[in-house]
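# Coordinate analysis (summary)
Chain by chain, the residues run as shown.
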Amino acid sequence: MRTKMKIALSAAIAMGLGLANTATAFEPGDWLVRAGASYVNPASDNSDIVSVESASSFTINFTYMMTDVWAIEVLAAYPFKHDIELLDGTKVGSTKHLPPTVSLQYHFRPTEKFQPYVGIGLNYTTFFSEKTTGPLEGTDLKLGDSWGLGGEIGFDVMFNDDWFFNANARYLDIDTKAKLDGNSLGKVNIDPWVFGGHIGFRFK
Ligand code: NI
């Protein structure tokens, strides 16, 4: 009797583990959608003239599992609005930007509840709604588009078969050429770290 119970118990545990594993495994063909917010923290030494301040916004990313470990991710966002200051802290303007990024991801533990991953990708950043204020009021500020590489690390924690929590950190190489009234202000290295927290849903 005791042995039978033990066997039954072992079988139940094995089944439970088996179910837990299949329940949390991302599979080829799955789409993962993660929605939440991100904080963009630009490098502190942006240029000799101005500094670009940090900003937060909504982010959403779509990931397609090509295999159980390799995936393609597209990052989309609501525009981030950054203040632009002189090096002494005087606000001279603001800009908005969108940083769509396509990344190739590798997921290390596709069958576990805790799923870390790394990614490398290509970022395109477009700036718009540049505004000037204070000492630069009335001048025309333009920031050029930027293409650069991006790297990311992150993890998903499965709540159940469908829902999960995600946290990630990205580094984006964003450099823009700034112009004031058509005159070059030189290159501004924004090169931000982007920290995000998201709730994810898996479509299978
Ligand atoms: Ni850079």
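Residues numbered from 1 in each chain as written. Predicted model: local features only at pLDDT ≥ 70, side-chain atom pairs only at ≥ 80, totals over all residues. Heavy atoms only, no water.

The subject of this paragraph is the coordination of the nickel ion. For the nickel ion, every protein donor is listed as D173 (OD), D175 (OD), D175 (OD), D191 (OD) and D191 (OD), and the spread of their distances is 2.1 to 2.8 Å. Within one chain, the residues serving as donors to the nickel ion are arranged as D-x1-D-x15-D. With D175 in strand β12 (residues 175-180) and D191 in the loop between β13 (183-189) and β14 (193-203), this residue pair connects regions lying 16 residues apart in the sequence. Residue class for D175 comes out partly exposed when judged on its relative accessible area of 22%. (Donors = N, O, S within 2.8 Å, 3.2 Å for Na, K, Ca; no water. Helix = DSSP H or I, 4+ residues; strand = E, 2+ residues; numbered from the N terminus. Buried < 20%, exposed > 50% of the residue type's maximum accessible area, 1.4 Å probe, protein only.)

Moving on to unusual backbone geometry. The backbone of S129 sits at a positive phi, close to 55 degrees, despite the residue not being glycine. By secondary structure assignment, the location of S129 is in strand β8 (residues 114-132). Residue D181 is not a glycine yet carries a positive backbone phi of 50 degrees. For D181, a relative accessible area of 46% translates into the label partly exposed.

Moving on to the pattern of salt bridges. A full pass over the atoms with the stated rule returns 10 salt bridges. We note a salt bridge from E73 to R170, for which the minimum N-O separation is 3.1 Å. With E73 in strand β4 (residues 70-77) and R170 in strand β11 (residues 163-172), the pair connects residues that are 97 residues apart, well separated along the chain. For the pair E73 and R170, a shared accessibility class is recorded, and that class is buried. Close ionic contact of K204 with D161 constitutes a salt bridge, the shortest N to O distance being 3.0 Å. (Salt bridge = Lys/Arg side-chain N within 4 Å of Asp/Glu carboxyl O.)

A grouping of W31, F62, Y64, M66, W70, I72, V74, V102, L104, I120 and F203 is seen on the molecular surface, where their side chains present a nonpolar patch of about 970 Å² in accessible area. Where the nonpolar patch is concerned, the elements lending two or more residues are β3 (55-65), β4 and β7 (101-107). In this structure, W70 sits in strand β4. (Patch = residues over 30% accessible without salt bridge, like charges linked within 9 Å, V, L, I, M, F, W, Y side chains within 5 Å. Areas by Shrake-Rupley, 256 points an atom, 1.4 Å probe, with all protein chains shown as cover.)

Keep in mind that these numbers describe shape and distance, not what the molecule does.
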